[in-house]
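Inside the fold
Residues per chain are reported as follows:
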Amino acid sequence: MSIESIMGDLLVHAPAMIIAIPLLGAFLTPIISRINGTLRNVFVISIMGLTSLFVGVLANDIFTSRVIKTYVFGGSQELTSPVVRILLEIDALSMFMAMIVLIVAFVAVIYSWGFMKEYTGLDKYYTLVLLMTAGMFGMVLTGDLFNFFVFLEITSIASCALIAFWTTKGESIEAAFKYIVISAIGALFVLFAIAILYGQYNALNIATLASVMKYTFLDKVALVLLVGALAMKAGIVPMHMWLPDSYGRAPASVTLILVGATQASLYGVFRVCFTLYGKSLSLTNNILGLEDGFPLALGTSLGILVVLLAIVTMLVGVFMALKQSDFKRLIGFAAVAEIGYMMLGLGVALLSIEPTGLSGSGLMALKGGIFHIFNDALDIGLMFLVAGAVYWATKERSLDKLGGLARNMKYTSIFFVIGLFAVAGMPPFNGFASKLLIYESVFQISPILSIVAILSSIMLLAVFVKVFHSVFLGPAIPKFKNVKEAPISLLVAMIIISVLIVFIGIFPEMFLNNIVGPATDALVNYSGYIDAVVLGGM
Amino acid sequence: MIYNIPFIAVAALILIGLYAVVFKRNLIKIVIGITLIECGVNLFLITLGYREGGIAPIFTNLPSGTSATMALPVPQALTLTSIVIGVAVLALMLALVVHIYRHYNTLDAREVRRLKE
Amino acid sequence: MTEMSKVVRTITSLSFPFILIYGLYVIAHGHLTPGGGFQGGAIVASALAMIIVAFGSKWVLDRIKEKNISLLESVGAICFILLAFFGLTYADPVFFKNFVVDNPYLFGQVVTDNAANINTAGVIPLMNFAVGLKVIAGLFVIVLVLAYASTAMEGKK
């Protein structure tokens, strides 16, 4: 068995293995945890390492060859004419999101070795982390709508149980209850929309539905329900109330994985808008069914709505972050503002739909938005890790009582400075590259939006400089005279993310051309997505 | 007209469930409202599979002389999955309500509010 | 919660085996009649919940430790996912493959004339057993912990 045949076998089964190996690890963890605690930690890290091997092999293949792979569960790999089995359909955008999920989950597992060492009930914690990782991988890799709903529910149930992990304090349980109520209602509306689409077309596969979509009135209802419920899970503004509570009250490693889950729901919005309704984006619809109704294309009307929501999200996130006095809650509101940037990229891309595809600036805005998903997961993740390290050392979370920590926690303050500049969009860090793309392309559509985006970036910088001054600089407080530096595993996790931030910041061209470019092309190319599954094309 | 009654029931269940979640203050009533919405969506999934004059989709011992149309089995599998997910969410929510009662000693949603602004 | 009267306890112990048998029948015939892993597991779990209600959660907890039942739940889940992985070790490997078909001993016959033959449908009855075990253990632990938690809170006041 040569190396090429082993790699070939690994490559063929890699899509299923990426979902199945964390699932197997999650079921084995309670049994291994009865033997020894350290053995369980090593086992979990090795499961994540094995998954990253498969992700690396699959990503290498898809980004270089740019074909769309399918994997049929439980039968021969030939595709039948009406597709009857559940299949995974992987294009470059799915692989991009899978890389984000992998980095976030791996770093969180390394971080929680040191962070959660003194708490009990750790076997359930690691089981839930692995289950949530399997759910997130399933959400981004699947090609079947009902399968997406099932993995969405797996992720939200596991993350709710993880948010409520510190059961001795009342606030964590209250945040988890708010999260599960909003998340359950959102998922039920997604199921309602899937039922409407199934009742009309008798198909659950995304590619099959996209090829026969006729855009009747019921399809419009399903689109509104899908985008609304998935945007609710992603933290867009009228429905963002759960996000600062949950991000602020969960343990820091759990918050990091929750960032990944939020981005996976945002991936759902992209997939629905561009692939499922791809053919109908340039159709004009008569709103209210009048004979001389507003002749707006679907792309334009949806784009206007998304851009409005994005602007409101950015402004609300930044202004609410100004008046917070709780460290992690403040970073939670900054995360809400960052999601506004991604939605701005999506909205501008939708606004510039023409029947032949996107215009040049629209494509650049979409590239900026998708690049910003990756950068935002890294930047906001690093801020949450630093906040967790500060909480680990001082057991204090209010900004009024912290101060002067840079004397004892030197490395942690360096990482905070790196995260500060990355979030605010300064060169040479990665936030600059994606935000510059968004500013430039949005300016060509409408200058006002670009000015609002730049202003909220500056406000974010102001907010975080205030936080840096009040936490790390300033006179030493006698209560914190003997705080120790964060333990090794926390520092290793923060080093990994900082190295990635600096690397992408210095070489953004390489990342853009090889990874973000294929992802954006795969997103807009809905006919390629359909051809991979439906024999005979549209 | 009689074939539209399940859809009217679906709309009624979802509206009553939404009313309970939005306007009621007792936490247990909010949980019951979510269960009502879930029942409505499951009923909608099952109703989609009906075919007129259809029999149950089982091949064993088909009664002779009946029509050959069968109700669709795929929505039944989808509804089963949704019921299982609903059971898991309900168990999680009730466990959280028990914890909240232990900490705050009240089940009123307006008193359970240490996380403000 | 405390136990109920002697009449209730006697009737419960008399009817418990029948409900158990019915639930196991529903699990085992999941590939022929309506039923399967989750439905049969829920029936058995409701019989176990009847025991908890009739005899009191303290009585049950004195005899069964909750972490042993959690172990059973993990065993059920591991069996399910290992059955899916076994599809990879055969000639035409695909995940979740039905590898037990054409095997004359264990659930391997292909349906030809009589569709009610229990020996059919390959790996599906095995997965039904694994899921049934997991559902029984899982729902039993949920009801037991909720009952014990409310007893503990009543006792603390």
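Cut-offs applied
- Here the residue numbering is sequential within each chain, running from 1 through the sequence in written order.
- Here chains are named by letter from A upward and ligands by number from 1 upward, in the order in which they appear as written.
- Selection of residues for local features in this predicted model requires a pLDDT of at least 70, selection of side-chain atom pairs for listing and counting requires 80 or more, and totals for whole chains, interfaces and linings are taken over all residues.
- By definition, any uninterrupted DSSP run of H or I lasting at least four residues is a helix, any uninterrupted run of E lasting at least two residues is a strand, and each is numbered from the N terminus.
- This radius of gyration counts C-alpha atoms alone. The globule rule is 2.2 Å times how many residues there are, raised to the power 0.38.
- Buried residues are those with 20 or more other C-beta atoms within 10 Å of their own C-beta, exposed residues have 12 or fewer, and partly exposed residues lie in between; C-beta atoms are placed from the backbone.
- For every residue pair, C-beta atoms are placed from the backbone, and the pair is scored as a contact if these atoms sit within 7 Å.
- Here, expected helix span is obtained from the residue count minus one, scaled by 1.5 Å.
- Fitting axes to the seven residues that end at a residue and to the seven that start at it, the angle between those axes gives the bend at that residue.
- Gly counts as polar in this scheme, as do all residues outside two lists: the nonpolar Ala, Val, Leu, Ile, Met, Phe, Trp, Tyr, Cys and Pro, and the charged Asp, Glu, Lys and Arg.
- For every residue, the predictor states its confidence as a pLDDT score lying anywhere from 0 to 100.
- Between any two strands, at least two bridges found by DSSP are needed for them to pair.
- Think of a nonpolar core as buried Ala, Val, Leu, Ile, Met, Phe, Trp, Tyr and Cys residues chained together by C-beta atoms that fall within 7 Å.

Notes on the overall build of chain B
- When its secondary structure is counted, chain B shows 3 helices and 0 strands.
- Along chain B, helices and strands appear, N-terminal first, in the series α-α-α.
- The C-alpha radius of gyration computed for chain B amounts to 20 Å, which surpasses the reference 13 Å derived for 117 residues by more than 25%, pointing to a less compact arrangement than a globule.
- Reported as C-alpha extents along the three principal axes, the dimensions of chain B are approximately 65 × 30 × 20 Å.
- Taken over 117 residues, chain B has a buried fraction of 26%.
- Of all intrachain contacts in chain B linking residues separated by at least 6 positions in sequence, the fraction that spans at least 24 positions is 51%.

Some remarks on helix H13 (residues 360-394) of chain A
Residues and elements named next belong to chain A.
- If you check H13, its first and last C-alpha atoms are 51 Å apart, about what 35 residues at 1.5 Å a residue would give, namely 51 Å.
- Where H13 bends most, at Asn375, the angle is about 30°.
- Summarising burial for H13: 30 of the 35 residues are buried, a large majority.
- Among the residues trailing H13, Lys395 stands out with phi positive, at a value near 55°.

A closer look at the interface of chain B and chain C
- Tallying the contact residues gives 11 residues for chain B and 9 residues for chain C.
- In the side of chain B that touches chain C, the residues fall into 8 nonpolar, 2 polar and 1 charged.

Looking at the confidence of the model for chain B
- Of the residues in chain B, 94% reach a pLDDT of 70 or more, and the chain-wide mean stands at 88.
- Confidence, read as mean pLDDT per element, is least for helix H3 (residues 74-104) of chain B in chain B (92) and greatest for helix H2 (residues 27-47) of chain B (95).

Let's talk about the interface of chain B and chain A
- Taken together, the contacts link 25 residues of chain B with 26 residues of chain A.
- Elements with a contribution of two residues or more to the side of chain B that touches chain A: H2 and H3 of chain B.
- Along the lines of polarity and charge, the residues of the side of chain B that touches chain A split into 19 nonpolar, 4 polar and 2 charged.

Here we look at the pairing of strand S2 (residues 87-90) of chain A
All names here are of chain A.
- Alternating positions in S2 separate into two faces, Leu87 and Glu89 on one and Leu88 and Ile90 on the other, with burial throughout.
- Bridge count between strand S1 (residues 69-72) and S2: 4 bridges; the pairing is antiparallel. Across the sheet, residue Tyr71 finds its bridge partner in S2, namely Leu88.

Quick notes on the nonpolar core
- Counting 278 residues, the largest nonpolar core has Ala98, Val101, Val104, Ile180, Val190 and Ala334 of chain A as the members making the most contacts within it.
- If one sorts the elements of this core by residue count, helix H6 (residues 170-201) of chain A sits on top with 21 residues.
- In this structure, Ile180 of chain A is in contact with Cys160 of chain A together with Val89, Leu92, Met93 and Leu96 of chain B, ignoring residues within four places of it in sequence.

Notes on the confidence of the model for chain C
Residues and elements named next belong to chain C.
- When pLDDT is averaged along chain C, the result is 85, and 87% of the positions lie at 70 or above.
- By mean pLDDT, the top-scoring element of chain C is helix H1 (residues 6-28) (94), and the lowest-scoring one is helix H5 (residues 124-156) (87).
- Model confidence for the complex is summarised by a pTM of 0.94, with the ipTM given as 0.95.

Regarding unusual backbone geometry
- Looking along the chain, the bond that leaves Pro427 of chain A and enters Pro428 of chain A is cis, with omega of -5°.
- Relative to the helices and strands, Pro428 of chain A is located in the loop between helix H14 (410-424) and helix H15 (430-445).
- At Arg66 of chain A, a position not held by glycine, the phi torsion is positive, near 55°.
- The exposure class assigned to Arg66 of chain A is partly exposed, which follows from the 15 C-beta atoms found within 10 Å.
- Even without being a glycine, Asn105 of chain B presents a positive backbone phi close to 65°.
- The class of Asn105 of chain B is exposed, set by 10 C-beta atoms lying within 10 Å.

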